[in-house]
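Architecture at a glance
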Amino acid sequence: MHGELRELRQLRELRSREGVRERRSEAPSAGPGRSRLDQPRTTRPGLITLPTYDPEAFGQLSERIARFLGTGRFIVWMTVVVIVWVGWNTLLPDTVRFDDYPFIFLTLMLSLQASYAAPLILLAQNRQDNRDRVNMEQDRARSDRNIADTEYLTREVAALRQGLGEVATRDFVRSELQSLLKEIDDRRESSEVL
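What counts and how
Residues numbered from 1 in each chain as written. Predicted model: local features only at pLDDT ≥ 70, side-chain atom pairs only at ≥ 80, totals over all residues. Heavy atoms only, no water. Patch = residues over 30% accessible without salt bridge, like charges linked within 9 Å, V, L, I, M, F, W, Y side chains within 5 Å. Areas by Shrake-Rupley, 256 points an atom, 1.4 Å probe, with all protein chains shown as cover. Salt bridge = Lys/Arg side-chain N within 4 Å of Asp/Glu carboxyl O. Helix = DSSP H or I, 4+ residues; strand = E, 2+ residues; numbered from the N terminus. Buried < 20%, exposed > 50% of the residue type's maximum accessible area, 1.4 Å probe, protein only.

Quick word on a nonpolar patch on the surface
A contiguous nonpolar surface patch, about 840 Å² in accessible area, is contributed by Trp88, Leu92, Val96, Phe98, Phe105, Leu108, Met109, Leu112 and Tyr116. The topology assignment puts Val96 in the loop between α3 (72-91) and α4 (104-166). The exposure class assigned to Val96 is partly exposed, which follows from its relative accessible area of 38%.

A word on the pattern of salt bridges
Pairing between side chains becomes possible if they bear opposite charge and their charged atoms approach one another. With the rule as written, the count across this model stands at 8 salt bridges. For Asp139, the salt bridge is made with Arg142, and the minimal N-O distance between the two is 2.8 Å. Linking Asp139 with Arg142, this pair stays in helix α4, spanning 3 residues, or about one helical turn. Asp139 sits in the partly exposed class, given a relative accessible area of 43%. Since its relative accessible area comes to 41%, Arg142 is described here as partly exposed. Among the charged side chains, a network of salt bridges with common partners joins Glu56, Glu63, Arg67, Arg127 and Arg131.

What to know about unusual backbone geometry
The backbone of Phe103 sits at a positive phi, close to 50°, despite the residue not being glycine. Note on placement: Phe103 falls in the loop between α3 and α4.

Below, the structure is given as structure tokens:
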């Protein structure tokens, strides 16, 4: 339990350090065309600079595509496209056909769609795994806090029970008073008899 708490603290510290780095990187640069000397270069100097992309936006797009590929709507549309393709290339005259019987072009298109779909689905699954891992860590931390709170409350209830064991209850005081009254009455009666 202590090891997990230590790991959570380290993770929190790492996140806060990353936030500081992001704030530093958002600071204004030294001037137009000049790079900051306190930060490493993000691009290599050269003749050709490749375009950059936002990995988060690309990941979100891949998740949307993977979600669509897993729906019945996609299967229906894919079936309609294949039926129209096959119908067009078998029923219409030879002059308007673009893919004859073995449907090689259709096979190529389906292979191309599958070759793009598989990596996009894997990317979406990896992103979901990362989210699940973070949620699991948060659940574990919440569970550890709940266990610690429960143990604390259990100790407090036990301490209260011990403390109440030493406190005189209303019934105990009443019974003691009744026994004292009875003893006083007995002494009065015995003193009257004498």
